Amino acid sequence: MISLMKRKRLINMNKYTKLALWIGIYLAVAFGIGQITQGSIDSWYIDLEKSSLTPPNYVFPIMWTILYIMIATAGWKLWTTECDHYLKILYIRYTVLNLAWTPVFFGFHWIFAALGVIILLNIAAALIIKKAWKQVRLVSYLMIPPTLWTLFAAYLNLMIFSLNT
């Protein structure tokens, strides 16, 4: 018979294995999308007029790796906690919008459509933060940095649209 302490350790290990899986899958999908659109970053994007506040290209993968870990952790927390079903649906919508922005902007070069995607993304993020605040506060905290970054990214997207059309 397994002792209570061993059982708790097994449960915790299983819990954190699932978290690692969430993070791994999220990063793998994002990396895959990034690889598909990388050629456009090296050719089309480099020639666009950009805001003077645009960070160097090497900043984006560093920031997004950190932010995707936070976003994946928020999703894992939502799925391992009793919370409103609507909150989980919002998270799925947020994830789809987040992952859609890169191919819309870099793949299709639809700058204005990408601006619409990122605006919807920020609305979804704000709703998640608000809705999770009372139910799963950690999710709200985890979603604040990605939302601040995508608000900045919306500004950069808007500037690229206005400077290049």
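Quick caveat: nothing in here was measured; it's all calculated off a predicted structure.

What counts and how
- Residues numbered from 1 in each chain as written.
- Predicted model: local features only at pLDDT ≥ 70, side-chain atom pairs only at ≥ 80, totals over all residues.
- Heavy atoms only, no water.
- Helix = DSSP H or I, 4+ residues; strand = E, 2+ residues; numbered from the N terminus.
- Buried < 20%, exposed > 50% of the residue type's maximum accessible area, 1.4 Å probe, protein only.
- Contact = heavy atoms within 4.5 Å.
- Areas by Shrake-Rupley, 256 points an atom, 1.4 Å probe, with all protein chains shown as cover.
- Lys, Arg positive; Asp, Glu negative; His and termini not counted.
- Charge placed at Lys NZ, Arg CZ, Asp CG, Glu CD.
- 1 Å grid on protein atoms, 1.4 Å probe; cavity = no way out; pocket = protein on both sides within 12 Å on 5 of 7 lines; lining within 4 Å.
- Points joined across faces, edges and corners; volume = space filled by probe spheres on them.
- Nonpolar A, V, L, I, M, F, W, Y, C, P; charged D, E, K, R; others polar.
- Salt bridge = Lys/Arg side-chain N within 4 Å of Asp/Glu carboxyl O.
- Polar contact = N/O pair within 3.5 Å; in protein donor to acceptor, adjacent residues only side chain to side chain.
- Axes fitted to C-alpha atoms, helices over the stretch in contact; angles between N-to-C directions.
- Parallel < 35°, antiparallel > 145°, perpendicular 65-115°, else oblique.
- Left-handed = near helix turned anticlockwise from the far one by under 90°.
- Core = buried A, V, L, I, M, F, W, Y, C linked by side-chain atoms within 4.5 Å.
- Expected span 1.5 Å × (residues − 1).
- Bend = angle between axes of the 7 residues up to and from the residue.

A. Broad picture of the overall build of the chain. Summing up its helical and strand segments, the chain has five helices and zero strands in all. Each helix and strand of the chain, ordered N terminal to C terminal, gives the series α-α-α-α-α. Seen through its principal axes, the chain has C-alpha atoms that stretch 70 × 30 × 25 Å. Relative to its 165 residues, the chain shows a buried fraction of 39%. A separation of at least 24 residues holds for 76% of the contacts in the chain among residues at least 6 apart in sequence. When the accessible surface of the chain is split by element, carbon and sulfur atoms take 71% of a total near 9700 Å². In the chain, 14 positive and 5 negative side-chain charges are present, and the distance between their average locations comes to 24 Å.

B. Spatial organisation of the layout of surface pockets. Looking at the largest pocket, its volume works out to about 770 Å³. Ile41, Phe60, Pro61, Trp64 and Thr102 are, among the 31 residues lining the largest pocket, the residues nearest its centre. The element contributing the most residues to the lining of the largest pocket is helix 1 (residues 4-42), with nine residues. In terms of residue class, the lining of the largest pocket is built from 20 nonpolar, 11 polar and no charged.

C. Structural context of the pattern of salt bridges. Throughout the structure, instances matching the rule amount to one salt bridge. Residue Lys131 is joined to Asp84 by a salt bridge in which the shortest nitrogen-to-oxygen separation is 2.8 Å. In this pair, Lys131 is assigned in helix 4 (residues 111-135) and Asp84 in the loop between helix 2 (59-79) and helix 3 (85-107), connecting sequence segments 47 residues apart.

D. Region of interest: the side chain of Ser51. For Ser51, the location among the structural elements is in the loop between helix 1 and helix 2. Looking at Ser51, the relative accessible area reads 7%, which means it is buried. A polar contact of 2.9 Å, which involves the side chain of Ser51, links it to the backbone nitrogen of Leu53. Here Ser51 is in contact with Tyr155, Leu156, Met159 and Leu163, once residues within four sequence places are set aside.

E. Looking closely at the packing of helix 3 against helix 5 (residues 137-164). The N-to-C vectors of helix 3 and helix 5 enclose an angle of 30°; their axes lie 13 Å apart at closest approach. Compared by their axis directions, helix 3 and helix 5 come out roughly parallel. In the packing of helix 3 onto helix 5, the handedness of the crossing is left-handed. Of the residues in helix 5, those in contact with Tyr94, Trp101 and Phe105 of helix 3 are Met143, Pro146, Asn157 and Ile160.

F. Inspection of the nonpolar core at higher detail. Counting 47 residues, the largest nonpolar core has Tyr45, Ile71, Tyr94, Phe105, Ile128, Val139 and Met143 as the members making the most contacts within it. Considering each element in turn, this core owes the most residues, 11 residues, to helix 4. Beyond its immediate chain neighbours, meaning those up to four positions away, Tyr94 contacts Tyr26, Ile71, Leu121, Ala124, Ala125, Ile128, Met143 and Pro146.

G. A look at the side chain of Asn122. Within the secondary structure, Asn122 is located in helix 4. On the basis of relative accessible area, Asn122 is assigned to the buried category, the value being 8%. One polar contact links the side chain of Asn122 to the main-chain carbonyl oxygen of Ile118, over a distance of 2.9 Å. With residues near it in sequence (within four places) discarded, Asn122 still touches Thr147, Thr150, Leu151 and Ala154.

H. Focus on helix 5. Compared with the 40 Å implied by 1.5 Å per residue over 28 residues, the 40 Å span of helix 5 between its first and last C-alpha is a close match. Of all the bends found along helix 5, the most pronounced is centred on Ile144 and spans about 30°, while Pro145, a proline, follows it within four residues.

Function cannot be read off these values alone, since they describe shape.
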